[in-house]
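So the chains spell out like this:
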Amino acid sequence: MKYSNLKKQEIFAFYTFISPWLIGFILFTGGPVIASLYFSLTNYTVLSKPEFIGFGNYSSLFKDPLFWTSLYNTIYYAVFFIPLGILIAFGLSILLNQNVKGLAIYRTVYYLPSIVPAVANAILWIWLLNPQWGLINTMLKMLGIEGPGWLTSEQWAKPGLILMSLWGVGSWIIIYLAGLQGVPEQLYEAAEVDGATKLQRFLYITIPLMTPTIFFTLVTGLIGAFQVFTQAYIMTNGGPVNSTLFYALYLFRNAFNYLKMGYASSMAWILFLIVLTLTLVQFKLANKWVFYE
Amino acid sequence: MSKKKLTVLLSVLCLLTFSSVAFAEVVTITFWGWISPEWVATYRDFEKQHPNIKIKESLVSQEWASTSEKFLAAMAAGNAPDASIQNSHQFSQWASQEAFYDITAFTKKDKVLAKDWFAPQWKGTFFAGKQFALPGITDTRVLYWNKNMFKQVGLNPEVSPKTWKDLEDFSEKLTKKDASGKYIQFGFLPYWGNSWTWIYGWLNGGRFLDSKGKKVTCDDPRIVYALDWMVKFYDKYCGGAQVAASFLQGFQGAANDPFVTNKVAMQINGNWQLWFFATFPQLEYGAAPPPVPKEGMKPTTWSCGSYYAISANTKHPEEAWTFINWLAGPEGAKALAKNVLEQRKKDWQRQQLPGEPVYVPDLFNNRQAMKVLQDEYLPKLPAKVQDEFKLVTDALNWTHSCTEMGLAGLTYWNEMDAATQAALYHKMSAKDALKQCKERVQKALDDAWAQVKVK
């Protein structure tokens, strides 16, 4: 290919400007990623040299009941959190897209939780989920419902953590708001002229035009949900009875508490494969429902 | 040479000699430990006594249980600190992997002898006959009972439960429900405080590992019996584990402590509670050895705590040794005590707490250090606290050490907790839960032994 001098200069400038990121990425992310692939095939305590054992880690993983428990817990979390998160964020963004007084305040209020630091968030929710004096159970009590023990209950600990995550969907709201505002006004006007009802306009204009945005949150949400860690690490430490032992938490324990870095690396690669497969499937399915203008 | 010249020459020589002493090379030791004001002041005290050594401290970790991540990363990168504080759960495994410097030669040279230390933790610092650390501050667990609550239900406040049966009988009286059947007060919660299943296993004479540390034996019938007793206790006197857990969830924050606020009458907890209770002058409580399963059995308890280790790759092993030997011994204890008390005076003023701040000595594993602290600080404590302190100190002689959890100590710890929860929540029988625990830990233990590098 032949480039003009100006073009060449531009290309040079482009790579020069992004080089800090590029170098950082290759060194500090790319390097460890590749290294972890090698470590996943070894017995590696970090304190001694890795010892090559082929697929030994992978085969013992499949026999490890805690691996399956942690995978189940994580899938449970993802299955409930992602659809609920999308519904709530989408619903709120529609409300926040109306022309009402004090809109800026509402938008701030709903976004605010997502910038609360994870640890502060966790401490706050320990209190909210407090079975006796927590705000949630107090409110349930007003409705005549005896609230569960949340974090101390095997059945309710995961739902409790999901509830907590839903509080932080502010960043999705922003994305949906941007999407909603990108829907061309003239489409609505044309539909109105043709006599379409509000519901029809929503179903046949808003939703189709929002599908790319929903798809985006679905993909990123899935990747994020499979990495859920902080809440369980701080609030429940995996309990009660391993009911909140998420995949990333178990991986972390193996890597840093049990000196099984090779084992943890193989867990990381399995997680990567799972997420990769699910993402590819979603892209495949996307052809059927995502509408690009 | 004229006399004058000679004088000049001699004085120059003199100056040179002295200045070389004064400017002797100062060695800086990096130390990962605690960095709260009393500790930092203690490091400065060390520097004053040892002008040729500087301590550059940094925080080992916010969370005691997770000190290892930071250390592991540093080890992998080859820049571990010269010396560090280590927790005893993981110590053996780290030591077996040659993470630490063998200090056996130093202990011989400086006559640091086993008889000067409390045996359980001292033994824990060895692996394969070599010593890799000095035991620092430790803890012991005892039974505390709330005398006010005893009085309320007509129990003699001066008589503590001696056996597990006593715990049951007392709890029968001390546990209360409201009109709707909701629990509002408990006698005793076996898994609350700082007891863990380990203590019941040990109290019942159970053994968690074989004598070589290679076989996991948590399915020992005596341990199964202990866990089974806990399960039954929860079901009968606490409305089940979940009811108790959600009751306790309500009490967060120090001032809310269920023991202090007369909600739970008895607990097994650590010696550090003496500090905490001292801030509640209205609280009347007693301390006793943990109750035993049957009359006539010997009480026991368990201890974790800190070890001071030197990293294997240090360039200044001698200076690091001087430092940890000082820190673990009487000099370090004296300095720390003085600094803690100063700090507490400030806290007392800031929080406007009632009474005078006191120093309840930390439990040093070094006998001389313990004696120095007792001589100086014990007479200043209220008579009651003195007795309790004698109990927790005496326990240092008959306690079990965390290092008895073996080479896969942390896995064992987590799995025992998981097994206990599984049993308490009736997911499995105590026997099956412990059997599963045994299988899982055995695997980790085998791996850990396969990776041992110390010959």
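Basis of the calculations
Residues numbered from 1 in each chain as written. Chains lettered and ligands numbered in written order. Predicted model: local features only at pLDDT ≥ 70, side-chain atom pairs only at ≥ 80, totals over all residues. Helix = DSSP H or I, 4+ residues; strand = E, 2+ residues; numbered from the N terminus. Buried ≥ 20, exposed ≤ 12 C-beta atoms within 10 Å, placed from the backbone. Axes fitted to C-alpha atoms, helices over the stretch in contact; angles between N-to-C directions. Parallel < 35°, antiparallel > 145°, perpendicular 65-115°, else oblique. Left-handed = near helix turned anticlockwise from the far one by under 90°. Contact = placed C-beta atoms within 7 Å. Nonpolar A, V, L, I, M, F, W, Y, C, P; charged D, E, K, R; others polar. Pairing = 2+ DSSP bridges. Core = buried A, V, L, I, M, F, W, Y, C linked by C-beta atoms within 7 Å. Domains from an automatic or database assignment. pLDDT = per-residue confidence, 0-100. Arc of directions from axis to C-beta. Expected span 1.5 Å × (residues − 1).

A word on the overall build of chain A. For chain A, the helix and strand inventory stands at 13 helices and two strands. Summarising its shape, the C-alpha atoms of chain A cover approximately 75 × 75 × 35 Å along the three principal directions. The proportion of buried residues among the 293 residues of chain A is 33%.

Below, the discussion takes up the overall build of chain B. When helices and strands are tallied, chain B shows 18 helices and 15 strands. The burial tally for chain B puts 47% of its 455 residues in the buried class.

Next up on the list: the packing of helix α17 (residues 409-424) of chain B against helix α18 (residues 430-450) of chain B. Residues and elements named next belong to chain B. The contact between α17 and α18 brings their axes to 9 Å, and the two run at 160 degrees. Regarding the angle of α17 to α18, the classification is roughly antiparallel. In this structure, the crossing between α17 and α18 has a hand that is right-handed. Contacts between α17 and α18 involve Thr 411, Tyr 412, Glu 415, Met 416, Ala 419, Ala 422 and Ala 423 on the former and, on the latter, Ala 430, Ala 433, Leu 434, Gln 436, Cys 437, Arg 440, Val 441 and Ala 444.

Facing 23 residues of chain B, the contacting portion of chain A comprises 21 residues. Within the residue set of the side of chain B that touches chain A, elements represented by two or more residues are α3 (67-77), α11 (241-249) and α17 of chain B. In terms of residue class, the side of chain B that touches chain A is built from 10 nonpolar, 10 polar and three charged.

Another aspect to go through is unusual backbone geometry. All names here are of chain B. The backbone of Ala 128 shows a phi angle near 50 degrees, a positive value even though the residue is not glycine. Its identity as a non-glycine residue notwithstanding, Asn 262 has a phi of 60 degrees, on the positive side. Locating Asn 262 in the fold gives a position in the loop between α11 and β10 (264-270). Note on Asn 262: 13 C-beta atoms within 10 Å, which makes it partly exposed.

Residues and elements named next belong to chain B. Taken in spatial order, the five strands of this open sheet run β8-β9-β10-β7-β11, and their pairing is mixed. Single-partner strands in this sheet number two, and they are β8 (176-177) and β11 (285-288). Summarising the sheet, strand β7 (residues 141-146) and β10 pair through five bridges and their orientation is antiparallel. Each bridged residue has a counterpart across the sheet, and for Trp 145 the counterpart in β10 is Met 266.

A separate point is the nonpolar core. All names here are of chain B. Among the nonpolar cores identified, the biggest contains 175 residues, and Tyr 308, Phe 323 and Ile 324 are the most heavily contacted of them. Residue assignment places this core across two domains, with domain 1 (27-139 + 304-395) and domain 2 (141-303 + 407-450) each supplying three or more. Leave out the neighbours within four places in its chain, and Phe 323 touches Ile 29, Phe 31, Phe 46, Ile 53, Ile 55 and Ala 83.

This paragraph deals with the confidence of the model for chain B. When pLDDT is averaged along chain B, the result is 90, and 92% of the positions lie at 70 or above. Listed scores for the predicted complex are pTM 0.84 and ipTM 0.76.

Moving on to helix α15 (residues 367-377) of chain B. All names here are of chain B. Inspection of α15 places Ala 369, Met 370 and Leu 373 among the buried residues, and these make up the whole buried set. Down the axis of α15, the smallest arc covering the buried residues is 100 degrees, so these residues share one side. Check the buried side of α15 and you find it contacts α14 (330-351), β14 (363-364) and α16 (383-394).

Moving on to the domain arrangement of chain B. All names here are of chain B. By domain assignment, chain B separates into domain 1 (27-139 + 304-395) and domain 2 (141-303 + 407-450). Measuring from the centre of the C-alpha atoms in domain 1 to the corresponding centre in domain 2 gives 28 Å. Listed per partner, the contact involves 23 residues of domain 1 and 18 residues of domain 2. Those elements giving two or more residues to the side of domain 1 that touches domain 2 turn out to be α4 (88-96), α6 (119-124) and α16. By residue class, the composition of the side of domain 1 that touches domain 2 is 12 nonpolar, nine polar and two charged.

In this model, α16(B) (12 residues) spans 17 Å end to end at C-alpha, consistent with the 16 Å of a helix rising 1.5 Å per residue. Buried-residue contacts for α16(B) involve β7, α12 (273-277), β11 and β14 of chain B.

All names here are of chain B. Taking strand neighbours across the sheet as the criterion, the six strands line up as β2-β1-β3-β13-β6-β14 in an open arrangement whose pairing is mixed. The open sheet terminates on both sides in strands that have one partner only, identified here as β2 (53-59) and β14. Where strand β6 (residues 133-138) and β14 come together, two bridges link them in antiparallel fashion. Along β14, the bridge assignment pairs Thr 138 with Leu 363.

We now examine the packing of helix α8 (residues 170-181) of chain A against helix α10 (residues 198-225) of chain A. All names here are of chain A. Where α8 meets α10, the axes come as close as 9 Å, and the angle between the chain directions of the two elements is 160 degrees. Between α8 and α10, the angle is such that the two are roughly antiparallel. The two elements α8 and α10 cross, and the hand of that crossing is right-handed. For the pair α8 and α10, contact is made by Trp 172, Ile 175, Tyr 176, Gly 179 and Leu 180 and by Met 210, Thr 213, Phe 216 and Thr 217, respectively.

A word on the environment of Val292(B). Residue and element names in this part refer to chain B. Tracing the chain through its elements places Val 292 in the loop between β11 and β12 (301-303). What makes Val 292 buried here is the crowd of 20 C-beta atoms within 10 Å. Counting along the chain gives 150 residues from Val 292 to Gln 442, while the straight-line C-alpha distance between them is 28 Å. Apart from the residues within four sequence positions on either side, Val 292 is in contact with Thr 163, Leu 203, Met 297 and Pro 299.

All names here are of chain B. On the secondary structure map, Arg 344 appears in helix α14. For the pair Arg 344 and Leu 407, spaced 63 residues apart in sequence, the C-alpha separation works out to 38 Å. Leave out the neighbours within four places in its chain, and Arg 344 touches Pro 357 and Tyr 359.

All right, on to the pairing of strand β3 (residues 83-87) of chain B then. All names here are of chain B. In terms of burial, β3 is a largely internal element, five of the five residues being buried. When strand β1 (residues 27-33) meets β3, the two strands line up parallel, connected through two bridges. The residue bridging Phe 31 from the neighbouring strand is Ala 83, located in β3. Pairing analysis gives five bridges linking β3 to strand β13 (residues 305-310), with the strands arranged antiparallel. Pairing of Ser 84 across the sheet is with Ala 309, part of β13.

Here the focus is the environment of Thr28(B). Residue and element names in this part refer to chain B. By the element assignment, Thr 28 lies in strand β1. On the basis of neighbour counts, which here come to 12 C-beta atoms within 10 Å, the residue Thr 28 falls in the exposed class. As a C-alpha pair, Thr 28 and Asn 52 span 24 residues in sequence and 8.5 Å in three-dimensional space. With residues up to four places along the chain from it excluded, the contact list for Thr 28 reads Lys 54 and Lys 56.

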